[in-house]
Amino acid sequence: MKTLVLLASLLVAAAQAQQVADSNYDVSVKKPTYGHVHPKVLFDEAHNNFHTTIGRYKPFADLMRNDGFHITPSDKPFGKETLQGYKILVIANARAPKGGGSLLLIADHAPMGYNAEILAKRFSVDMSKGFTADEKHCKDKDETTLIYSRENGLLGKHEITKGINTVVAFTGQSLSIPKGASVLLQLASTATDRQPDIERSQKENRMILGDSISAKGRAQGIAFQHGKGRVVILGEAAMLTAQVADGEKFGMNAPGNDNRQFALNIMHWLAR
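Let me begin by describing the structure that accompanies this report.

Analysis parameters
- Residues numbered from 1 in each chain as written.
- Predicted model: local features only at pLDDT ≥ 70, side-chain atom pairs only at ≥ 80, totals over all residues.
- Heavy atoms only, no water.
- Axes fitted to C-alpha atoms, helices over the stretch in contact; angles between N-to-C directions.
- Helix = DSSP H or I, 4+ residues; strand = E, 2+ residues; numbered from the N terminus.
- Parallel < 35°, antiparallel > 145°, perpendicular 65-115°, else oblique.
- Left-handed = near helix turned anticlockwise from the far one by under 90°.
- Contact = heavy atoms within 4.5 Å.
- Nonpolar A, V, L, I, M, F, W, Y, C, P; charged D, E, K, R; others polar.
- Phe/Tyr/Trp six-rings, centres within 6.5 Å; stacked < 30°, edge-to-face > 60°.
- Buried < 20%, exposed > 50% of the residue type's maximum accessible area, 1.4 Å probe, protein only.
- Pairing = 2+ DSSP bridges.
- Expected span 1.5 Å × (residues − 1).

## Here's the deal with the packing of helix H2 (residues 58-66) against helix H6 (residues 259-271)
- Where H2 contacts H6, the two axes come as close as 11 Å, and the packing angle between them is 60 degrees. Comparing their axes, H6 and H2 come out oblique. The crossing of H2 and H6 is right-handed. Seen from H2, the contacting residues are Phe60, Leu63 and Met64; seen from H6, they are Arg260, Ala263, Leu264 and Met267.
- In terms of residue class, the contact of H2 with H6 is made up of 6 nonpolar, no polar and 1 charged.

Put into structure tokens, the structure is as follows:
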């Protein structure tokens, strides 16, 4: 456990010093989808979440509110009373163990996958818990900024991807694809995963990655039915919000992607 805490502190401290929500990003919606009935969304903030509705996921929350969703942040542990009455539960990069509706589960690169893997396994989804890269399908030679498009054939066919040409993910992990799931963001055969070398990272007090292993046959976004409910699991978080780091935009606000519509489509599908 101590090694995971170190791993988390190394990564999170660096990210916190750089990543902030883009306060200039336009979250207005000209024609809101929900004008009279407002689907209720519970946004988990009870598990030391890296992304919150007033923090790095504020652009996502504000965009959904402007589209007609009723967003409620929650600092309470999950239970029947907590979840009752909500259409969708959103969990974005929880950093503490988590004790008929829909679920959007987002878990980024290490160490976020370690905290979400138990919940993911309940849906037969394995999280790589490392860093995923692909030098042949990346943006601006950044091998962890991955491009999923109609052109490269990595954007899946699903109701969520209708009207979308390109989705960009900004450094995440890979996911296995359970039986019956639809792939939204398909990793290419050239994609690889690299796990943190915890022992070396601990000794040198900095993040060091181990050898690459193939991520062929895995994904960074999947959707499926679960009983009467619906589930979307993503292996990367920045794609659904708008952030800036060292003056550079990444997320919905970055040029050349349809991530904004992808985020809306996900929530529309989950809300039925």
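So that's the structure; there's more coming.
## Describing the packing of aromatic side chains
- According to the stated counting rule, one finds 6 aromatic pairs in the structure shown.
- Pairing Phe43 with Phe60 gives two aromatic rings, centres 6.5 Å apart and planes at 55 degrees, and the pair type is tilted. Separated by 17 residues along the polypeptide, Phe43 in strand S2 (residues 40-44) and Phe60 in helix H2 bring together distant segments of the chain. Accessibility classification places Phe43 together with Phe60 in one group, the buried group.
- Measuring from centroid to centroid gives 5.8 Å for Phe123 and Phe224, while their planes differ by 55 degrees, and the two rings are tilted.

## Topic: the sheet that holds strand S1 (residues 20-21)
- An order of S1-S15-S16 is seen for the 3 strands of this open sheet, with the pairing classed as antiparallel. Looking at strand neighbours, the two that pair on one side only are S1 and strand S16 (248-251), the edges of this open sheet.
- Taken together, the 2 bridges between S1 and strand S15 (residues 242-245) define a ladder with antiparallel strand orientation. By the bridge assignment, Ala21 is partnered in S15 with Gln243.

## Describing the sheet that holds strand S8 (residues 142-149)
- Spatial ordering of the open sheet is given by S7-S8-S9, a layout of 3 strands whose pairing is antiparallel. Two strands in the sheet have a free side with no partner beyond their single neighbour: strand S7 (138-139) and strand S9 (166-170).

## Regarding H6
- Taking 1.5 Å per residue as the helical rise, H6 with its 13 residues ought to reach 18 Å, and the 18 Å between its terminal C-alpha atoms agrees with that figure.
- By the criterion of burial, H6 is predominantly enclosed, with 10 of the 13 residues buried.
- Of the residues making up H6, those classed as buried are Asn259, Phe262, Ala263, Leu264, Asn265, Ile266, Met267, Trp269, Leu270 and Ala271.
- Arg272 occupies a position one or two residues after H6 and carries a positive phi of about 60 degrees.

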